[in-house]
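A structural walkthrough
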Amino acid sequence: MLLSVMYFNDFLTLEDINYLIIIPLLPVAANIVVLETYYLQSAKSIHIIMINTIFSLILLFILGLYL
């Protein structure tokens with residue numbers, strides 16, 4: 001809703017909105033696993049990050065087909 005208000009008030013262009021839609025679909029950085037392994041000596045969150053990455057890739061592929 002905020003994006004549509006900003007678009008109608010000429011704060012954003014349609015190209016800007018296309019880029020802003022992609023940002024939430026990007027996967028979580030793998031650096032979290034590296035830091036967790038280094039500081040906590042465990043990698044308990046690796047399966048959550050893996051699922052998030054696969055889900056992000058699928059959504060980005062669908063968005064690519066749509067655009």
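This is a predicted model, so every value here is computed, not measured. Numbers given for residues are sequential positions, taken from 1 along each chain in its written order. Thresholds applied to this predicted model are a pLDDT of at least 70 for local features of residues and 80 or more for the giving and counting of side-chain atom pairs; totals over whole chains, interfaces and linings are not thresholded and use all residues. Neither water nor hydrogens contribute to the side-chain values; these are computed over all heavy atoms in the structure.

Focus on the overall build of the chain
On a plain count of helices and strands, the chain comes out with four helices and zero strands. Counting helices and strands in the order they occur from the N terminus, the chain gives α-α-α-α. By the compact-globule yardstick of 11 Å for 67 residues, the chain is too spread out, its C-alpha radius of gyration being 17 Å. Considering only C-alpha atoms, the chain reaches an extent of 50 × 25 × 15 Å along its principal axes. Classification of residues uses two cut-offs on accessible area relative to the type maximum, computed with a 1.4 Å probe and protein chains only: under 20% is buried, over 50% is exposed, and between them is partly exposed. Here the chain holds 67 residues, and the buried ones make up 15% of them. Here a helix means four or more residues in a row that DSSP labels H or I, a strand means two or more in a row labelled E, and each is numbered from the N terminus. Throughout, radius of gyration means the C-alpha value; the globule benchmark is 2.2 Å times the number of residues raised to the power 0.38.

Description of the side chain of Ser 56
Take Ser 56: it is sitting in helix α4 (residues 46-66). Note on contacts: a residue pair is in contact if any heavy atoms of the two residues lie within 4.5 Å. If near-sequence neighbours (up to four positions away) are discounted, Ser 56 is found in contact with Leu 25, Leu 26 and Pro 27.

Concerning α4
Under the 1.5 Å per step criterion, the end-to-end length of α4 is 30 Å for 21 residues, consistent within 8% with the ideal 30 Å. Taken together, the buried positions of α4 are Ile 49, Ser 56 and Leu 63. Viewed end-on, α4 has its buried residues packed into an arc of 50 degrees, placing them on one side of the element. Of the exposed residues in α4, those oriented more than 90 degrees away from the buried face are Ile 51, Phe 55, Leu 57, Phe 61 and Leu 65. Of the surrounding secondary structure, the elements contacted by the buried residues of α4 are α2 (14-22) and α3 (31-40). The span one expects for a helix is its residue count, reduced by one, times 1.5 Å. The directions from the helix axis to the C-beta atoms are what the arc is built from.

Points about a nonpolar patch on the surface
Nonpolar side chains (Val, Leu, Ile, Met, Phe, Trp, Tyr) within 5 Å and like charges within 9 Å form the patches, drawn only from residues with over 30% relative accessible area and no salt bridge. Using a 1.4 Å probe, the Shrake-Rupley method yields the accessible areas, and only the shown protein chains count as cover for residues. Salt bridge, as used here: a side-chain nitrogen of Lys or Arg that lies within 4 Å of a carboxyl oxygen of Asp or Glu. On the surface, Met 50, Ile 51, Ile 54, Ile 58, Phe 61, Ile 62 and Leu 65 cluster together into a nonpolar patch covering about 750 Å² of accessible area. Inspection of the secondary structure puts Ile 62 in helix α4.

Let's talk about the environment of Thr 53
Mapped onto the secondary structure, Thr 53 falls in helix α4. The class for Thr 53 is partly exposed, based on a relative accessible area of 25%. For Thr 53 and Leu 67, which are 14 residues apart along the polypeptide, the C-alpha to C-alpha distance reads 21 Å. Thr 53 has contacts with Pro 27 and Val 28, leaving out every residue within four places of it along the chain.

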